[in-house]
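Structural characterization, general
Below are the chains, spelled out letter by letter.
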Amino acid sequence: MLFVASAAIAGLALSYSTVRDYGSFRASILTGAPGGAYHSLASNLAQLARRDRGHLEVIPTAGSIENAKRLMADQKSCAEKFAFVQDGTPVPAESELELLGRLPEPESLLFLTRRDRSFGSFSDLRGASIGIGPENSGTAYLVLQLLGDPDLKKLDIRTSYRELEEQAQLVAQGNLDIAAYVMRNDAEFLRTIIGRYDLEIIELRDLRGLTDRFPWLTLGRVPAGRYDLMRLAPATDKMVPQVNTLVLANACAKRADRIELLVLLAAALPTFVRSNPPTSTSSATAVPLSSEARQFFLTGEPEFVDRYFPWLVNLMSPAYWIYLVMAVTALFNLLKGISRFRLWRLDSAREKLEAEARLVAGEAVSHAPALHPIAKPALPDADEREAIKDMLERLAGLRERCQRYANSFATPMGEEMFYRYQQFLIDRTTVELKARLGTGS
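Below you will find a few notes about this structure.

The next point concerns the packing of aromatic side chains. Any pair of aromatic rings gets described here by the distance separating the centres and the angle formed by the planes. For the coordinates displayed, the defined rule picks out eight aromatic pairs. A connected cluster of aromatic rings, assembled from ring pairs, spans Phe-272, Phe-296 and Phe-297. Here the basic side chain of Arg-345 rests over the ring of Trp-344, its NZ or CZ set 4.9 Å away from the ring centre.

Moving on, we get to the pairing of strand β1 (residues 26-30). Burial runs high along β1: four of the five residues are buried. Bridge count for β1 against strand β2 (residues 55-59) is five bridges, and the pairing is parallel. Note that in β2 the partner of Leu-30 across the bridge is Ile-59. With two bridges joining them, β1 and strand β3 (residues 82-86) adopt parallel strand pairing. The residue of β3 that forms the bridge with Ile-29 is Phe-82.

Turning our eyes to something else, we now look at unusual backbone geometry. Residues Ala-233 and Pro-234 are joined by a peptide bond in cis, for which omega reads 0°. Along the chain, Pro-234 turns up in the loop between β10 (217-222) and β11 (238-243). Cis rather than trans, the peptide bond between Asn-276 and Pro-277 has omega equal to 0°. Mapped onto the fold, Pro-277 is located in the loop between α9 (255-268) and α10 (291-299). Unlike most non-glycine residues, Asp-156 shows phi in positive territory, near 55°. In this fold, Asp-156 is placed in the loop between α5 (150-153) and β7 (158-160). Of the residues examined, Asp-156 reaches a relative accessible area of 53% and is grouped as exposed. Phi is positive for Asp-198, close to 55°, though the residue is something other than glycine. Among the secondary structure elements, Asp-198 is positioned in the loop between α7 (188-197) and β9 (199-201). With relative accessibility at 31%, the residue Asp-198 sits in the partly exposed group.

Cut-offs applied
- Residues numbered from 1 in each chain as written.
- Predicted model: local features only at pLDDT ≥ 70, side-chain atom pairs only at ≥ 80, totals over all residues.
- Heavy atoms only, no water.
- Phe/Tyr/Trp six-rings, centres within 6.5 Å; stacked < 30°, edge-to-face > 60°.
- Lys NZ or Arg CZ within 6 Å of the ring centre and 35° of its normal.
- Buried < 20%, exposed > 50% of the residue type's maximum accessible area, 1.4 Å probe, protein only.
- Helix = DSSP H or I, 4+ residues; strand = E, 2+ residues; numbered from the N terminus.
- Pairing = 2+ DSSP bridges.

Here is the structure:
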């Protein structure tokens with residue numbers, strides 16, 4: 001019967017309390033344009049979540065600026081919890097957003113033009129027209145930020161907001177000089193538009209002079225033939241600026257949601273844990289690393305309670321549960337100490353009263369079993385009667401105090417029997433003294 005009962009309790013716990021890696025996961029993530037590498041990554045994460053009865057909604061957006069704004073604004077309805085945001089996106093410290101990590105593969109800033117056009121340095125961009133992607137996109141923000149330096153403003157570069165494929169088409173038609181994109185090199189969208197519109201990547205000789213002005217930018221390489229080996233696109237290896245992509249969460253994302261997204265990212269990206277935590281981020285993106293991510297990167301996996309009791313860690317962090325258990329244990333020990341102190345004081349007071357009673361009633365006041373019946377003592381004189389009445393009053397007060405302690409909140413469960421025993425001893429002494437007076441049975 002004990003075995004069956006234990007199995008039933010374990011089965012109930014498994015049904016309601018435990019989850020596999022992604023069970024009970026319900027969240028949404030803001031990505032970017034469909035066809036981009038991070039939209040594809042989010043789709044893979046959603047597929048992993050569905051395998052284990054979770055749900056991750058993938059929401060396409062214009063880009064990082066929109067993602068950051070929506071994540072900061074949606075902390076009441078909690079419809080959106082996570083977002084991919086490129087490093088350098090303005091996120092104020094008071095936004096209450098937190099960093100979950102950095103994706104291992106950075107995004108590249110690519111300037112695409114027709115194959116018959118040539119741009120060798122920034123001076124060749126004088127008067128050029130550049131499509132910088134949709135408004136509120138990370139591409140638009142980054143390009144405007146880079147071209148906003150005083151020396152580049154003199155080039156009179158004309159920028160315009162365009163849809164991603166539209167600006168590639170305009171470049172191919174000759175209505176736009178350059179189309180700018182911030183995407184991962186392996187994005188299928190880049191392969192498609194470069195092949196469809198016969199575009200080439202621009203490499204500027206003085207590019208390093210610009211990227212060195214922004215510590216969060218690095219230089220990467222796109223190998224020749226990356227997008228088309230037959231037509232050799234690009235024709236040669238190209239050096240391009242690169243920017244990291246951050247994973248952000250708002251206050252709506254509870255601890256269990258954050259841990260499960262980290263598990264998904266680690267499953268989809270083998271180098272994700274090794275690439276984190278980030279050593280630094282742009283000063284414009286002022287978001288602290290979340291405590292859940294810091295713990296996850298130390299071990300590379302969720303803690304026991306995170307994996308099996310997500311509803312519990314949503315209420316409070318596991319560390320605080322340990323503190324709570326310690327505090328409850330200390331409280332119960334304190335209550336037990338108070339109860340033992342009260343018992344000691346009660347027992348001491350009872351012993352003193354019994355010592356006084358023996359001076360009056362003699363050996364009649366005794367808790368030891370009598371071998372022979374004790375002769376009924378003679379009635380006491382007036383002084384002794386007054387002393388016995390006084391002792392009876394004090395015994396009654398002591399018994400009332402004992403009863404109050406037995407019912408007290410500070411008395412641990414089960415220890416009230418100690419107080420009952422004290423009452424029993426007090427009652428026996430009371431009976432003997434009343435018998436001495438001739439007024440009790």
